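Listed below, chain by chain, are the residues.
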Amino acid sequence: MADRIMLNQTSYHGTDAILEIANEAKAQGFQKALVCSDPDLIEFGVTSKVTDVLDKNGLSYEVYSDIKANPTIENVQNGVRAFRASGADYIVAIGGGSSMDTAKAIGIIAANPEFADVRSLEGVAPTKHPSVPIIAVPTTAGTAAEVTINYVITDLEKKRKFVCVDPHDMPIVAIVDPQMMASMPKGLTASTGMDALTHAIEGYTTKAAWEMTDMFHIKAIEIIARSLRGAVANTPEGRKDMALGQYIAGMGFSNVGLGIAHSMAHTLGAVYDTPHGVACAMMLPIVMEYNAACTGEKYREIARAMGVKGVDGMSQDEYRRAAVDAVKQLSADVGIPSKLEAIREEDLPFLAESAFADACCPGNPRDTSVEDLKALFRKLM
């Protein structure tokens, strides 16, 4: 089977990249946008940085903001109705994973109405038509949703998140402007940055990894490891590098998948509403220890990219430990907790079964089981 790489048609990077939104909209002949952005970004004036560009260029739009941190089926269905009522012909998604994921689901259903129940999009759904065109503007340096074919929706009724993987949902344009991320508080910067590191490390070690995606992932690990502390401190250099590093990680993992750190994080988010990046950061070193024996020499390169010195003189056990320790240290330095007090022993069967059924689980380098996942969840207690 051939390996496949899918990326945006176009991406813009750097300061004032948002100015290119107007040029792209005009070049594409778009008439009206549905701007998808969450209420907090609207309240704090982040969304207006983009709508100001649209206003100055005489471009019509309506705003949709019924978006939760873990977007729900209802958020998507309301968004589809808003898209149709607005008469829009494209979407501008502004925000982190929540806005991006909502926009992707809206765009897919608007073009493929037979999936209006949303649940039928789980996994790799047989959609026939590309999404409504999406211009994606990330405001967090972590999810890389602007360059992936994945999105995650929460099913409140069943207390679970489900992953959708669809080449038809790729945003046609990504606008990666570090100025759009400058207002992120420290905690969000830390958690989304650790999400990006989890993308890079899981993408590098997943079963489907190959030379091209390895190139993306190792470079992403290197950039994130050197810049996340600075981004949390709100340095311009840290913000700029994290914006790039998280995007490069997305270029890789979107094409090869992830592993159980993500499947377990999805479950924690659905059951306890744990922020996704926090859940990923807590699970990553636990899962790395679990997977180590099935990763060949890759942890040596992870340790090197994380800034560990002298890895070439280390034994395999030493460089594997060094890689895990470097991840733990970065997570601690940016203020991520290592335990989740909400977990109870009686929750473990449901948590493990949900994580085992998650779409990210099969890509894990080590084949797992419900019992193994219970034991890994227990390490958070």
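As shown above, the structure is provided for reference.
What you are looking at is a predicted structure, and each value in this text was computed from that prediction instead of being measured.

Let's shift gears to the overall build of the chain. When its secondary structure is counted, the chain shows 14 helices and 8 strands. A compact globule built from 381 residues would reach a C-alpha radius of gyration of about 21 Å, and the chain, at 20 Å, matches this within 12%. Taken along the three principal axes of its C-alpha coordinates, the chain extends 60 × 45 × 45 Å. Buried positions account for 59% of the 381 residues belonging to the chain. Within the chain, contacts between residues at least 6 apart in sequence are counted, and of these 78% link residues at least 24 apart. Across the chain, the 35 positively charged side chains and the 48 negatively charged ones have centroids separated by 2 Å.

Here we come to the packing of helix α6 (residues 186-205) against helix α8 (residues 236-256). The interhelical angle for the contact between α6 and α8, taken along N-to-C directions, is 40°, at an axis separation of 8 Å. The orientation of α6 with respect to α8, classified from their angle, is oblique. Like other packed secondary-structure pairs, α6 and α8 cross with a definite hand, here left-handed. The residues of α8 that touch α6, namely those facing T189, G193, A196, H199, A200 and G203, are R239, M242, Q246, A249, F253 and V256.

It is worth spelling out helix α5 (residues 97-111) at this point. Taking 1.5 Å of rise per residue, the 15 residues of α5 would be expected to cover 21 Å, and the 21 Å separating its terminal C-alpha atoms lies within 8% of that figure. In terms of residue burial, α5 counts as a mostly covered element, since 14 of its 15 residues are buried.

Right, let's get into the pattern of salt bridges. Summed over all chains, the structure comprises 19 salt bridges. The salt bridge partner of E62 is K32, with a shortest N-O separation of 2.7 Å. Separated by 30 residues along the polypeptide, E62 in strand β3 (residues 60-64) and K32 in strand β2 (residues 32-37) bring together distant segments of the chain. Accessibility expressed as a relative area gives 35% for E62, which makes it partly exposed. K32 sits in the buried class, given a relative accessible area of 17%. Between D155 and R119 there is a salt bridge, with the nearest N and O atoms lying 2.6 Å from each other. Residue D155 is located in strand β6 (residues 150-155), and its partner R119 is located in the loop between α5 and β5 (134-138); the two are separated by 36 residues in the primary sequence. Under the relative-accessibility criterion, R119 is labelled partly exposed at 30%. Through salt bridges with shared partners, one network takes in E297, R300, E301, R304 and D312.

Moving on to the sheet that holds strand β8 (residues 173-176). Pairing in this open sheet of 6 strands is parallel, and the strands run β1-β8-β5-β4-β2-β3 from one edge to the other. The open sheet terminates on both sides in strands that have one partner only, identified here as β1 (10-13) and β3. Averaged over all pairs of adjacent strands, the angle between strand axes in this sheet comes to 15°, irrespective of strand direction. Inspection of the sheet shows β2 paired to β3 by 5 bridges, in the parallel sense. Across the sheet, V35 pairs through a bridge with V63, a residue of β3. The strands touched by α8 within the sheet are β1 and β8, with β8 carrying the most contacts at an inclination of about 150°.

For the rest of this paragraph, the subject is the nonpolar core. Within the largest apolar cluster, 77 residues are counted, with the highest numbers of intra-cluster contacts made by M194, L197, M264, L268, M288, I302 and M306. It is helix α10 (residues 276-291) that contributes the most residues to this core, 11 residues altogether. The contacts of M306, once residues within four sequence positions are left out, are L197, I221, A225, A326, V327 and L330. Counting 29 residues, the second-largest nonpolar core is a separate cluster that includes V76, A105, A125 and V132.

Examined against the element boundaries, I223 turns out to sit in helix α7 (residues 211-232). When its relative accessible area of 3% is taken as the criterion, I223 is described as buried. On a C-alpha basis, the gap between I223 and L197 in space is 9.5 Å, while along the polypeptide they are 26 residues apart. In contact with I223, not counting residues within four places along its chain, are D241, L244, G245 and I248.

Calculation rules
- Within any chain, residue numbers begin from 1 and follow the written order of that chain's sequence.
- Since the coordinates come from a predicted model, pLDDT governs what is reported: local features require at least 70, and pairs of side-chain atoms require 80 or more to be given and counted, while whole-chain, interface and lining totals use all residues.
- Only hydrogens and water are set aside when side-chain values are computed; all heavy atoms of the structure are taken into account.
- Helical segments are the DSSP runs of H or I of at least four residues, strand segments are the runs of E of at least two, and each set is numbered from the N terminus.
- With C-alpha atoms as the basis for the radius of gyration, the globule rule is written as 2.2 Å multiplied by the number of residues raised to the power 0.38.
- Exposed residues in this analysis have more than 50% of their type's maximum accessible area, buried residues have under 20%, and partly exposed residues fall in between, with area computed by a 1.4 Å probe over protein chains only.
- Note on contacts: a residue pair qualifies if any of its non-hydrogen atoms lie within 4.5 Å across the two residues.
- Positive charges come from Lys and Arg, negative ones from Asp and Glu, while His and the chain ends are left out of the count.
- Where a charge lies is defined by one atom per residue type, namely NZ (Lys), CZ (Arg), CG (Asp) and CD (Glu).
- Axes here refer to lines fitted to C-alpha atoms; in helices the fit is confined to the stretch in contact. Angles between the N-to-C directions go from 0 to 180 degrees.
- Note that the term roughly parallel is reserved for angles under 35 degrees, roughly antiparallel for angles over 145, roughly perpendicular for angles of 65 to 115, and oblique for everything else.
- The handedness criterion is simple: a crossing whose near helix is rotated anticlockwise from the far helix by less than a right angle is left-handed, and one whose near helix is rotated clockwise is right-handed.
- One fewer than the residue count of a helix, multiplied by 1.5 Å, yields its expected span.
- Salt bridges are identified by distance alone: a Lys or Arg side-chain nitrogen within 4 Å of an Asp or Glu carboxyl oxygen.
- By definition, two strands form a pair when at least two bridges between them are found by DSSP.
- What is meant by a nonpolar core is a set of buried Ala, Val, Leu, Ile, Met, Phe, Trp, Tyr and Cys residues, joined one to another through side-chain atoms within 4.5 Å.

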